Every structure is written in C-alpha cells, then in structure tokens.
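Examination of the molecular architecture
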2 protein chains.
Amino acid sequence: MAESTQHGEDPWEGAAIPAVPDRFLASDLVDEIEFLAARARSLGSAHANAVLAPLDLKVRSYSVLAMACSDTGPSQRELADFLRLDPSQIVSLVDALEQRGLVFRAPDPRDRRSKVIRPTAAGTELHQRAAAAVRVAEETSLASLDGPERDQLRVLLRKIAFS
Amino acid sequence: MAESTQHGEDPWEGAAIPAVPDRFLASDLVDEIEFLAARARSLGSAHANAVLAPLDLKVRSYSVLAMACSDTGPSQRELADFLRLDPSQIVSLVDALEQRGLVFRAPDPRDRRSKVIRPTAAGTELHQRAAAAVRVAEETSLASLDGPERDQLRVLLRKIAFS
DNA sequence: CCCACATAATTGACGTTGTCAATCATAATT
DNA sequence: AATTATGATTGACAACGTCAATTATGTGGG
C-alpha cells in the first residue's frame, strides 16, 4: 500500500470538481445569469443525483414522487406543465414509479381522460427518506451561502420560476 | 376563416407558458432550490435558445464562442471544466464552430497537446450580435426582478457556481 | 537518458433526455 | 350529432451525457 501522496484516483465520494482558472472569472460569461444558472444547476443536480442514487431515484423521478406525495393530487398533464417536461416523459417516469409500487394512477372523477398520481405507502415512505437526502444535497450545494442568503435565493428563484 | 377567438395555434412567438395551479405553489417542492433552479433554468434557456436560433446558435455553442471571444485564450480542457461539459462534447462544439469559420484551434506554445480556441473576425462579429440577443433573453427571463434583485441573484449564483 | 505514468484531444459506443407527430378515449362546443 | 379540443400513450428521432480506448505529448524518478 502506502500510496499516500499519489492521486490517480481520488479516494473520495462523488467526482472531484476542477478549479476554475482565475482569469476566467473576469470573462463576460460570468455576468450572464444564463451561464451562472447553468453551472450552478449542473453542480446542484450532480449532488442531488448522487444522494438519490442509493434510493434508485434521480431528481426527475424524485420530483414526480414528491408531487404525488403532496396533497395536491396532480394529473399527468399538470405534472408536465409544473415540472416543464413533455407529457410523454411523465408517462415513462410514472410507469417506472408505478412498477416499483411507489405510486399509482387514480381515476379522476371529473375527467375520465385524466389520471391523478397518488403515492402508495411505500412511495410515501421512500419520499420521506428521499426528501431528507435532498436536503443534505442542498446543504452541500449551498455551502457557500449563509441562511439569509439561501432564503434570498429561494425568493428570487421563486419569482422567476413562476412569473 | 374567421377563427378569431379560437386558439388551436397560438399566434405568438415562442411557446406559451402554461400557468401553474395555485395549489401547487404550496407543495414542498417549491421550497427546494433544486427544483426552483431546474424550472427557472428551463424557462431561461428556452428564451435564450429562442433568441439565439436565428443566429444558428444554442446556449452551448454560444458559451464556447463567448469564451473564445474573451481574451482568456481557453484550451479545450479548460472549456470542459468551466462549462462543465465532457471534453468530447467540447470537441464537437468546436468542430461545428470551426466549420462555420467562427473559431479556430490555435497551437499552445507551452503544451503541444493543448489547443487554444480563438475567434475569427466572423466569430467576433457574430458573438457581439449573439451577446446582444442573450441580453434581450435575460431581460425577458428576469422580467419579474428589479435591478437590485438581479444583481443579488447574480452574486448568489456566482457564489455557488464557483464555490 | 530512459521509463513509467499523467494529461489533452479525439473517436466511438451506448444509454438518457428532449421534441414531435400520431393515436385513442373522452370533454367541450356548436 | 358533429366538430373541435384535450389527456394519456406510443413510437421515432435528434440532442445530450457518460465512458472507454487511442494517440500524442508532457513530467518526474531512477
């Protein structure tokens, strides 16, 4: 053994995040929200997917499960709009969750075309563990922000996400 | 004719953004940065891609072009790290831009393995128009934020994007 | 100097995601 | 009743993400 200072493989969970050369931090791109959001989200969803992997979930499937576990009784069309996914993607996500016994398609009494996605007991239970995992990932992603800053960010994102 | 009030096809540019039912705004998901960021970014990049489409660019290719046009002389590896893309994706992006005569691969005197991406005159010119278009898209995406809020958002995103 | 190992660019494979058109069942409108 | 609109579904295809292998070059230890 004794492979101390060598670093061919980082003996660490997750992928090492390469540092950014200082000269890049002065480029015009770092003033563009579009770019900053893309990079921030790439980092964030990498963390989230990592903590969700042990539960066999990704951010996508987690979002669907979370909505199913909310008391809002979302239809698939509503999920598509809310999560900004194509209806066909919702079909496969719900299919996968349904096959795992986490959610089921309940009939909508108002509209027989529509199906309301509801959680099973197992789904509710898994969601609780997943939500805890996501909170951990969020903690990691937002490590550089203090409490008030995180609240600020939430408020600002909510505004542009639901404008 | 006379299909005035009918709305099979929205006579409007871009895709209409479906409204979100109020009851969803109380779900747990809207407190999670991960979700808010995903939705905000989905909206934002849709806008950005729309304004870039006439220039035959997407946010991806625009980012590479923008970095090429900065005075930072980025190598492909550095672009991969900075933009958080796989090196192989940078290859195709640069290939496409190079074939259009917008950038070229310059040799790196320090390291003959490495190639520095630089803009052509046409690349510089297109970048200026593209940057203006992106500013327009940003204006649209951030319409619900005032000036100080936009600055706040930039600062917060910069922190988490380069932590 | 030589050797072993690390790194930059590239290619190719392969699974995942995004987008679209078509279909069927049911609603809504006229 | 007929027409039109909408929800779910399927299938096709392009775009994207990820990984392994290859080639050329750099780097550090003997």
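Just so it is clear, the structure is predicted and the values come from calculations on it, not from any experiment.

Topic: the overall build of chain A
From N to C terminus, chain A includes six helices and two strands. For chain A, the α and β elements follow one another from N to C terminus as α-α-α-α-β-β-α-α. Relative to its length of 163 residues, chain A is extended, with a C-alpha radius of gyration of 20 Å against a globular reference of 15 Å. Referenced to the eigenvectors of the C-alpha coordinate spread, the extents of chain A come out at roughly 60 × 45 × 30 Å. Expressed as a percentage of the 163 residues in chain A, the buried residues total 45%. Accessible surface, chain A as shown: approximately 9200 Å² in total, 52% of it carbon and sulfur. Averaging the locations of the 20 positively and 24 negatively charged side chains of chain A gives two centres separated by 9 Å.

Quick look at the protein's contact with DNA strand C
Of all residues adjacent to DNA strand C, which total 19 residues, the nearest are Arg60(A), Gln89(A), Gln76(B), Arg77(B) and Arg113(B). The sugar-phosphate backbone supplies 70% of the atoms of DNA strand C found within 4 Å of the protein. The backbone of Arg77(B) places a nitrogen or oxygen atom 2.4 Å from a phosphate oxygen of DNA strand C. A distance of 2.9 Å separates a phosphate oxygen of DNA strand C from a polar side-chain atom of Arg105(B). Listing elements by their share of the surface near DNA strand C, those giving two or more residues are α4 (87–99) of chain A together with α3 (76–83) and α4 (87–99) of chain B. When its residues are assigned to classes, the surface near DNA strand C shows two nonpolar, seven polar and ten charged.

Describing the confidence of the model for chain A
For chain A, mean pLDDT is 92; residues scoring 70 or higher make up 91% of the total. Within the model, the stretch residues 1–12 of chain A combines pLDDT values under 50 with one contact to residues more than four positions away or in other chains.

A closer look at the interface of chain A and chain B
Tallying the contact residues gives 60 residues for chain A and 60 residues for chain B. Here chain A meets chain B over a buried area of about 5900 Å², counting both sides, of which 66% is carbon and sulfur. Here Arg23(A) makes a salt bridge to Glu78(B), at a shortest N to O gap of 2.9 Å. The interface formed by chain A and chain B contains 30 residue pairs in polar contact (both at pLDDT 80 or more).

Topic: the environment of Glu98(B)
Residues and elements named next belong to chain B. Here Glu98 lies in helix α4. Using a relative accessible area of 31% as the deciding quantity, one classes Glu98 as partly exposed. Glu98 sits 21 residues away from Pro119 along the chain, and the two C-alpha atoms are 9.0 Å apart. Residues in contact with Glu98, not counting those within four places in the same chain, are Val103, Phe104 and Arg105.

Rules and cut-offs
- Residues numbered from 1 in each chain as written.
- Chains lettered and ligands numbered in written order.
- Predicted model: local features only at pLDDT ≥ 70, side-chain atom pairs only at ≥ 80, totals over all residues.
- Heavy atoms only, no water.
- Helix = DSSP H or I, 4+ residues; strand = E, 2+ residues; numbered from the N terminus.
- Rg over C-alpha atoms; globule rule 2.2 N^0.38 Å.
- Buried < 20%, exposed > 50% of the residue type's maximum accessible area, 1.4 Å probe, protein only.
- Areas by Shrake-Rupley, 256 points an atom, 1.4 Å probe, with all protein chains shown as cover.
- Lys, Arg positive; Asp, Glu negative; His and termini not counted.
- Charge placed at Lys NZ, Arg CZ, Asp CG, Glu CD.
- Near = heavy atom within 4 Å.
- Polar contact = N/O pair within 3.5 Å; in protein donor to acceptor, adjacent residues only side chain to side chain.
- Nonpolar A, V, L, I, M, F, W, Y, C, P; charged D, E, K, R; others polar.
- pLDDT = per-residue confidence, 0-100.
- Contact = heavy atoms within 4.5 Å.
- Buried area = accessible area lost by both parts, 1.4 Å probe.
- Salt bridge = Lys/Arg side-chain N within 4 Å of Asp/Glu carboxyl O.

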